[in-house]
Amino acid sequence: MQIGIVGLGRMGGNIAVRLTRHGHDVVLFDRTPEVVTKTFDRAEKGRAVAADSVSDLVSKLTAERKIVWVMLPAGEITEACVQELRGLLGKDDIVIDGGNSYYKDDVRRAHELMEKGIHYIDVGTSGGVWGLDRGYCMMYGGTKDSTDHIDPILKALAPGKGDVVRTIGRDREGLDPRAEEGYLHCGPAGSGHFVKMVHNGIEYGMMQAFAEGFDVMKSKNSPALQEDQRFDLNMADIAEVWRRGSVVSSWLLDLTADALAKNESLSEFSGEVADSGEGRWTIEAAIEESVPVPVMTASLFTRFRSRTGNNYAEKILSAMRFGFGGHVEKK
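Thresholds applied
- Residues numbered from 1 in each chain as written.
- Predicted model: local features only at pLDDT ≥ 70, side-chain atom pairs only at ≥ 80, totals over all residues.
- Heavy atoms only, no water.
- UniProt positions renumbered as here; feature names shortened; annotations may be inferred.
- Helix = DSSP H or I, 4+ residues; strand = E, 2+ residues; numbered from the N terminus.
- Rg over C-alpha atoms; globule rule 2.2 N^0.38 Å.
- Buried < 20%, exposed > 50% of the residue type's maximum accessible area, 1.4 Å probe, protein only.
- Core = buried A, V, L, I, M, F, W, Y, C linked by side-chain atoms within 4.5 Å.
- Contact = heavy atoms within 4.5 Å.
- Pairing = 2+ DSSP bridges.
- Axes fitted to C-alpha atoms, helices over the stretch in contact; angles between N-to-C directions.
- Polar contact = N/O pair within 3.5 Å; in protein donor to acceptor, adjacent residues only side chain to side chain.
- Parallel < 35°, antiparallel > 145°, perpendicular 65-115°, else oblique.
- Nonpolar A, V, L, I, M, F, W, Y, C, P; charged D, E, K, R; others polar.
- Phe/Tyr/Trp six-rings, centres within 6.5 Å; stacked < 30°, edge-to-face > 60°.
- Lys NZ or Arg CZ within 6 Å of the ring centre and 35° of its normal.
- Domains from an automatic or database assignment.
- Buried area = accessible area lost by both parts, 1.4 Å probe.
- Salt bridge = Lys/Arg side-chain N within 4 Å of Asp/Glu carboxyl O.

An unreviewed UniProt entry lists the chain under the name 6-phosphogluconate dehydrogenase, from Swaminathania salitolerans. Checking UniProt for the chain, the heading Sequence similarities (unreviewed entry) contains the comment "Belongs to the 6-phosphogluconate dehydrogenase family." Checking UniProt for the chain, the heading Pathway (unreviewed entry) contains the comment "Carbohydrate degradation; pentose phosphate pathway."

In structure tokens form, the structure reads like this:
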């Protein structure tokens, strides 16, 4: 299939390259020409075409149904791009927002674009900087017609079954087989980003639990404790042994172990931890639904506090964020 991709940053560029590796054709645009050139050079030969504007990108899409994947930061920049595409595309064409937009914005945009017969699909995309090789876990929302049409694109981006042990009971009726491939149609427009939003809220809580645990262990050698109760624990070795058969083994723990193996003090991190919005939105949704989410709320507030003073726990958080998403602390 042919698809246009607007925004070729850490994830957008890798998505474009992965699609070319799986036999799809891409038209590339980014507001920084050097980034377009870099992505073009990484793509499979003959599978990529460069564009110098959004309108140029649309003009170079030759399929009967034009498909444009927007991979930009949530907010005004994505809104402006979607509205520009609304004026450039026509009936049955498809706009995909693969960023981290607020799901209520997706619902509104879907209605606005459908007034012109344009389909809108929101794709919550998880995989960070590792997705080029590992594939992306995707949760998406939109009409059945439009999501079925782009299924080859999503299948190419998804990780596939791989060597993950199959969940017992997955063969029962009513379960979507695509979930085992790493991508899932969640429902109407907005539902994909809603599920991804909650995913990120859970991520906040999991990261915070690891961070606090390692901080407790790091502080066990404190002079404030009785001498015979002080332990000089090796954080890198503990992270490594937990990876081997522990019930808390996970990708987040893998990333923590990687960082600690390189430098147990994590001195390269200040511990000032940013939040990208989804944690806040998850808590807002919980308030609307009267659902208690104390762990997620506490983890978000800890990130706020980290910007006014921090400790080893926040350095652990920073190390994990850098590991999975390439997030660099603001200086």
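Colleague: How would you explain the overall build of the chain if you had to name every residue and give the values?
Modeller: Helices and strands together make up the secondary structure of the chain, namely 14 helices and 8 strands. Radius of gyration (C-alpha) of the chain: 22 Å, near the 20 Å computed for a compact globule of 331 residues. Projected onto the principal axes, the alpha-carbon positions of the chain cover approximately 75 × 45 × 40 Å. Within the span of the chain, comprising 331 residues, buried residues form 48% of the whole.

Colleague: How would you explain the nonpolar core if you had to name every residue and give the values?
Modeller: Counting residues in each nonpolar core, the largest one holds 28 residues, and the members touching the most others are L19, W69, I96 and M138. Tallying contributions element by element places helix α8 (residues 151-157) first for this core, with 4 residues. Each residue touching M138, except ones within four places of it in the same chain, is listed here: W69, V123, G124, T125, L154, L157, A158, G182, Y183 and L184. Counting residues in hydrophobic clusters, the runner-up holds 25 residues, among them M217, L252, M320 and F324.

Colleague: Lay out the sheet that holds strand β7 (residues 137-141) in plain terms, naming residues and giving numbers.
Modeller: Taken in spatial order, the 8 strands line up as β3-β2-β1-β4-β5-β6-β7-β8 in an open sheet, and their pairing is mixed. Either end of the sheet is taken by a strand with one partner, and the two such strands are β3 (48-50) and β8 (183-187). In this sheet, neighbouring strand axes are inclined to one another by 25° on average, regardless of whether the strands run parallel or antiparallel. Pairing geometry for strand β1 (residues 2-6) and strand β2 (residues 25-29), over 5 bridges, is parallel. Opposite Q2, over in β2, you have D25 as the bridge partner.

Colleague: I'd love a proper account of the side chain of H24, names of residues and values included.
Modeller: Structurally, the position occupied by H24 is in the loop between α1 (12-21) and β2. A relative accessible area of 7% places H24 in the buried class. Of note is the side chain of H24, whose polar atom sits 3.0 Å from the backbone nitrogen of M1. Aside from chain neighbours lying at most four places away, what touches H24 is M1, L19, R47, P152, I153 and A156.

Colleague: Outline the packing of helix α9 (residues 191-218) against helix α12 (residues 278-289), supporting the account with residue identities and numerical values.
Modeller: Two elements in contact, α9 and α12, have axes whose closest approach is 8 Å; the angle formed by their N-to-C orientations is 105°. The angle between the axes of α9 and α12 places the two elements in the roughly perpendicular class. On α12, the residues touching F194, M197, V198, N200, G201 and Y204 of α9 are E278, G279, W281, T282, A285 and E289. Here the contact of α9 with α12 is built from residues that sort into 6 nonpolar, 4 polar and 2 charged.

Colleague: Go over the pairing of β7, please, and point to the residues and values.
Modeller: The element β7 is largely enclosed, with a buried count of 4 among its 5 residues. Looking at chain direction, strand β6 (residues 119-126) and β7 are connected through 5 bridges and run antiparallel. The partner of D122 across the bridge, within β7, is G141. Two strands pair when backbone bridges link them, and β7 and β8 are joined in this way by 4 bridges, in the parallel orientation. Each residue of the ladder has a partner; that of Y140, found in β8, is H185.

Colleague: Residue-level account of the packing of aromatic side chains, with values.
Modeller: Within the structure shown, the criterion is met by 7 aromatic pairs. By way of ring pairs, the aromatic residues Y102, Y103, F194 and W281 are connected into one cluster. Seen from the ring of Y312, K218 lies directly overhead, with NZ or CZ sitting 5.2 Å from the centre. Above the face of the Y204 ring, R303 is positioned so that its terminal group lies 3.7 Å from the ring centre.

Colleague: I'd like a rundown of the domain arrangement of the chain, residues and numbers included.
Modeller: How big an interface is tends to be stated in terms of the accessible area lost upon association of its parts. Assigned domains within the chain: domain 1 (2-189) and domain 2 (196-311). At the interface, 13 residues of domain 1 touch 9 residues of domain 2. Across the domain 1/domain 2 interface, buried area totals approximately 940 Å², and carbon plus sulfur atoms make up 61% of it. Counting across the interface, domain 1 meets domain 2 through 1 salt bridge. Examining the composition of the side of domain 1 that touches domain 2, we find that 3 residues originate from one element, β6, more than from any other. In terms of residue class, the side of domain 1 that touches domain 2 is built from 5 nonpolar, 6 polar and 2 charged.

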